[in-house]
Amino acid sequence: MKPQAMRQGVVVFGSLNMDLVARVPRMPRPGETLTGESLLVNPGGKGANQAVACALQGARVQMVGRVGDDDFADQLRAALDSRRVDHTGVGSTPGQSTGVAMIMVDSSGQNCITVIPGANASVTVADADLLRTHLERSAMLLLQLEVPLDSVVRAAAVARQAGCTVLLNPAPAQLLPPELWRSIDILVVNESEASLLSGMPLVTRSNAGEAANLLRRSGPGDVLVTLGEQGVVWSSGAGTQHFVAQPVVAVDTTAAGDTFIGAFAALRAEGRGMAEAIRHAIRAAAICVTRVGAQASMPSRADVLRETF
Ligand code: ATP
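Residues numbered from 1 in each chain as written. Predicted model: local features only at pLDDT ≥ 70, side-chain atom pairs only at ≥ 80, totals over all residues. Heavy atoms only, no water.

1. Describing the sheet that holds strand S11 (residues 222-226)
Using the following cut-off: Only when DSSP finds a minimum of two bridges between them are two strands counted as paired. Per the convention used, a helix needs a DSSP run of H or I reaching at least four residues, while a strand needs a run of E reaching at least two, with both numbered from the N terminus. Only C-alpha atoms enter the line fits that serve as axes; for helices the fit covers just the stretch in contact. Angles between N-to-C directions range over 0 to 180 degrees.
In space, the nine strands of this open sheet follow the order S5-S4-S1-S8-S9-S10-S11-S12-S13, with mixed pairing throughout. Strand pairing shows two members of the sheet lacking a second neighbour, strand S5 (85-92) and strand S13 (239-243), which therefore form its edges. Pairs of neighbouring strands in the sheet enclose a mean axial angle of 15°, with direction left out of account. Both strand S1 (residues 10-13) and strand S8 (residues 140-143) contribute to a ladder of four bridges, which runs parallel. Bridging across to S8, Val-12 finds its partner in Leu-142.

Have a look at this one:
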């Protein structure tokens, strides 16, 4: 097994979607046909978003997941290419559509989203087993919950065996089996995920430390609770610490969490300490919320270093 100091790069095992964003004057009623205003077609999916955010901070990133055999698959691969994410680990599932998120945004900014997982749902435990070769050279594995849970559980176990740090972002939120809890090194949750997993009815800035400490008892050595404009709480064996968010005028918070996680992972993978990685990720996420879009709003390393806020 390679010592941690000789490992480089990040593997992301998760979802790839095409986001179809329609602007509509108002939400249509059942049975109604409405004329929309515009359509944006954007690469997305939590896995691919975190991979792009991480690569933009300079990490070597390998994406592992599944797309269908349609035009969206080619477009998603091209988007990863443009951000230097290695997608040789992204397989095609014959006869399946690529994952799609259909998003309607009305004039008041409210949205309605339908996600069709498509090929993301065909990710298997066997795909997770194939991670082994990548993980033996990598510093960190990033996981979310937009691919089947049994494959996530196996991926985490394989990474653990390979001596690779496992970071789980349990989104969309669902309860986790004990064997997954045991394989997580770093858990990153927002307020609603923290609430569901800790059993605390409401998690806010005032009790995020308590929630994080509770979650740490289930297994992860480090828990980060992201609190939007309220910043981040980090719980570790040494206690809890709050980091303030960078004050900015937010125009679109889409992918703030994915930007935070990708940037955090990039800095950890290059051997930076937890606090330094959190502070850098907070700056990257703050830039993201000042721009419109998901992957399109993510800053480069140079953007983060240059920004004076
Ligand atoms: P999303 O689902 O929109 O990607 P999330 O709910 O997973 O986001 P958040 O906690 O909202 O994650 O945001 C992640 C991080 O992004 C925050 O911890 C913070 O550092 C930064 N951030 C989010 N919103 C703002 C904001 N309005 N101003 C400054 N920073 C922000």
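2. Some points on the site of the ligand
What counts here: Distances are taken per atom, and a residue is near a molecule or strand as soon as one of its heavy atoms is within 4 Å of it. N or O atoms within 3.5 Å of each other form a polar contact, as long as, within protein, one can give a hydrogen and the other can take it, and as long as residues adjacent in sequence are counted only when both atoms are side-chain atoms. All accessibility values rest on the Shrake-Rupley procedure with a 1.4 Å probe; residue burial counts only the protein chains present in the view.
The ligand sits among 18 residues. The nearest are Asn-190, Thr-226, Gly-228, Thr-253 and Gly-257. At a separation of 3.0 Å, an oxygen atom of the ligand approaches a polar side-chain atom of Asn-190. Here Gly-231 contributes a backbone N or O atom positioned 3.1 Å from an oxygen atom of the ligand. Considering the ligand on its own, with 630 Å² of exposed area, one finds that the protein chains cover 83% of that surface. Looking at the shell around the ligand, the elements with two or more residues in it are helix H9 (256-269) and helix H10 (274-289).

3. A short note on helix H7 (residues 191-198)
Applicable threshold: Type-normalised accessible area, obtained with a 1.4 Å probe on protein chains alone, sets the label of each residue: buried when under 20%, exposed when over 50%, and partly exposed for intermediate values. By definition in these notes, contact holds between two residues if any of their heavy atoms fall within 4.5 Å.
Those residues of H7 not exposed but buried are Glu-193, Ala-194, Ser-195, Leu-197 and Ser-198. On its buried side, H7 packs onto helix H6 (178-181), strand S10 (186-189), helix H8 (208-216) and S11.

4. Focus on the side chain of Asp-303
Relative to the helices and strands, Asp-303 resides in helix H11 (residues 301-306). Here Ser-300 takes part through its backbone nitrogen, which lies 3.0 Å from a polar atom of the side chain of Asp-303. Ignoring sequence-local partners within four residues, the contact set of Asp-303 consists of Ile-287 and Arg-291.

5. Focus: helix H5 (residues 149-161)
Here is the rule: Working rule for helices: expected span equals 1.5 Å times residues minus one.
The end-to-end C-alpha distance of H5 is 19 Å, a good match for the 18 Å that 13 residues give at a rise of 1.5 Å each. Every buried residue belonging to H5 is among Ser-151, Val-152, Val-153, Ala-155, Ala-156, Val-158 and Ala-159, and all of these are buried. Each element contacted by the buried residues of H5 is listed here: S1, helix H3 (125-129), helix H4 (132-135), S8, strand S9 (165-168) and H6. Among the residues trailing H5, Gly-163 stands out with phi positive, at a value near 75°.

6. What about the pairing of S9?
The condition that has to hold: We call a crossover right-handed when, viewed with the strands running away from us, the connection from the first strand over the helix to the second turns clockwise.
Along S9, one buried face is formed by Thr-165 and Leu-167 and the opposite face, lined by Val-166 and Leu-168, is buried too. Examined bridge by bridge, S8 and S9 share four bridges and lie parallel to one another. Looking across to S9, one finds that Met-140 is bridged to Thr-165. In this view, the connection linking S8 to its parallel neighbour S9 by way of H5 has right-handed handedness. In this structure, S9 lies alongside S10, joined through two bridges in parallel fashion. What sits directly across from Leu-168, in S10, is Leu-187.

7. Overview of the environment of Asn-207
Along the chain, Asn-207 turns up in the loop between H7 and H8. As for Asn-207 and Val-233, which are separated by 26 residues in sequence, their C-alpha atoms are 9.8 Å apart. Setting aside residues no more than four positions away along its own chain, Asn-207 makes contact with Met-200 and Leu-202.

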